[in-house]
Amino acid sequence: MNPKRILVVGAGHVGLYAALRLSKKLSSREAEVVVVDPQPHMTYQPFLPEASAGNISPRHSVVPLRRELRRCKVVAGAVTRIDHARKTATVQPIIGPPREITYDHVVVAPGSVSRTLPIPGLHEHGIGFKTIGEAIYLRNHVLEQLDVAAATTDPEVRRRALTFVFVGGGYAGIEALAEMEDMARHALKYYPELDTSDMRWVLVEATQRVLPEVDRDMGAYTVQQLLKRDMDIRLDTRLESCVDGVVKLSDGDSFSADTIVWTAGVKPSPMLDATDFPREERRRVTCLPTLQVVDGDRVVEGAWSAGDCAAVPDLTKPPGNYCSPSAQHAVRQAQRMADNIVAVIRGREPVPYKHKHAGSVASLGLHKGVAQVYGIKMTGWPAWFMHRTYHMSRIPSLNRKVRVVVDWTLAFVLKREVVALGQLHDPREEFAEASQPPSKV
């Protein structure tokens, strides 16, 4: 028989796990799996805060696609259009003209991007926290701000350099804030010119609580722990402007900051705008519980989706509820979707996805955490240990598991690295200056 071609758009949690499972369950005579992504790796996003804080190597929080997907064809490029009526995708390679790839089945998994608002100054001064590049940049930037503050004699420059603002009180914002403050506090041991009281860490959250995924008492505990570390927690407050680095809040406060981190939610990838798939009001692809794309009452044959960009009904809740955009759902949806694609290719019926959210775990810095799993609530060291254990078990490949465990083991013996490598972000600057032709007098 002619092998089917399965095109996987995006190699995040959904794309990687789906492609890996498909390549293991289908023979080369049954199907060819093609994975398209502009990045050569999958980023395990739950490890971004630890990578940013220096607890693990940034390279160990990403999974190389070509190493893991050896039985798949990996195309380094971006899908710019999908015409499912013709079952054709247009791909823009890293270099060269666009090319078209035809398929029999398509897995639409481009994931999500930061959901920003039209706040004056945010585009110029803000930084997100969704990619490994952003995590590395933030680490280097925070450490460089300590150098700036230690070197200056201007109190205003010092105050601005040591003010760090995080917008968004979900898991990404809380973990990024807590881990970076923990790292900076440790780094101050090597800065006799500075004191921990010189630093100002501000959390801005538009609602009246943090960590909405857990019960209110756990969110309240998290706020209490952050307050004990002298952090400035602004609930029911919005960022209204940050023009020229001057942060203006809805509560009337205003101050200068050189670090503004935006973690206030995500939205489906804008790539979906260049497809003919049906979408709901939040612009997610509409799906059945079987992860098949659905247009009203009609199943869109050969189209599948899951993860942040898909509206998948949550069968553990009353009708009208959808699965939350979490790695927990994405990984399990990917596996169920792959099994359903295999079933359809082999002439069987697909099985609905059903998973009750097990709970959430979050790190609040080294040896500090909060967890609510299957109704059991934990705080402090046990929650932190559960956070590490769970995510170590979930990151793909034995190679990455071993490397992460080694990083953590060494951290118990050796001191945390607190050196900034800011030149990584503009490596040609020094060479360009040295190679300039001499100016004529």
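Residues numbered from 1 in each chain as written. Predicted model: local features only at pLDDT ≥ 70, side-chain atom pairs only at ≥ 80, totals over all residues. Heavy atoms only, no water.

Identification of the protein chain as NADH dehydrogenase from Micromonospora andamanensis is taken from an unreviewed UniProt entry. Under the UniProt heading Sequence similarities (unreviewed entry), the entry covering the protein chain gives this text: "Belongs to the NADH dehydrogenase family." (UniProt positions renumbered as here; feature names shortened; annotations may be inferred.)

Take the packing of helix 1 (residues 13–25) against helix 9 (residues 327–345) next. Two quantities define a packed helix pair, namely the angle between the axes and the distance from one axis to the other. Two elements in contact, helix 1 and helix 9, have axes whose closest approach is 8 Å; the angle formed by their N-to-C orientations is 35 degrees. The handedness of the crossing between helix 1 and helix 9 comes out as right-handed. The residues of helix 9 that touch helix 1, namely those facing His 13, Val 14, Tyr 17, Ala 18, Arg 21, Leu 22 and Lys 25, are Ala 327, Ala 330, Val 331, Ala 334, Gln 335, Met 337, Ala 338, Asp 339, Ile 341 and Val 342. Grouping the amino acids of the contact of helix 1 with helix 9 by side-chain chemistry returns twelve nonpolar, two polar and three charged. (Axes fitted to C-alpha atoms, helices over the stretch in contact; angles between N-to-C directions. Helix = DSSP H or I, 4+ residues; strand = E, 2+ residues; numbered from the N terminus. Left-handed = near helix turned anticlockwise from the far one by under 90°. Contact = heavy atoms within 4.5 Å. Nonpolar A, V, L, I, M, F, W, Y, C, P; charged D, E, K, R; others polar.)

Turning next to the UniProt feature "domain: FAD/NAD(P)-binding" (unreviewed entry) in the protein chain. Residues annotated in UniProt with the feature "domain: FAD/NAD(P)-binding" (unreviewed entry) correspond here to residues 5–333. Measuring from the first to the last C-alpha atom of residues 5–333 gives 20 Å, for a span that is 28% helix and 29% strand.

It is worth spelling out the side chain of Glu 134 at this point. Within the element layout of this structure, Glu 134 appears in helix 5 (residues 132–151). Salt bridges are absent for the buried Glu 134, whose nearest opposite-charge side chain, Lys 130, sits at 7.6 Å. Among the polar contacts made by the side chain of Glu 134, one reaches the main-chain amide nitrogen of Lys 130 at a distance of 2.6 Å. Residue contacts for Glu 134: discarding those within four places in its chain leaves Ile 127, Gly 128 and Phe 129. (Buried < 20%, exposed > 50% of the residue type's maximum accessible area, 1.4 Å probe, protein only. Lys, Arg positive; Asp, Glu negative; His and termini not counted. Salt bridge = Lys/Arg side-chain N within 4 Å of Asp/Glu carboxyl O. Polar contact = N/O pair within 3.5 Å; in protein donor to acceptor, adjacent residues only side chain to side chain.)

We now examine unusual backbone geometry. One can expect most non-glycine residues to show negative phi and most peptide bonds to be in trans. The phi torsion at His 367 lies on the positive side, around 70 degrees, for a residue other than glycine. Along the chain, His 367 turns up in the loop between strand 23 (359–363) and strand 24 (369–373). His 367 sits in the partly exposed class, given a relative accessible area of 34%.

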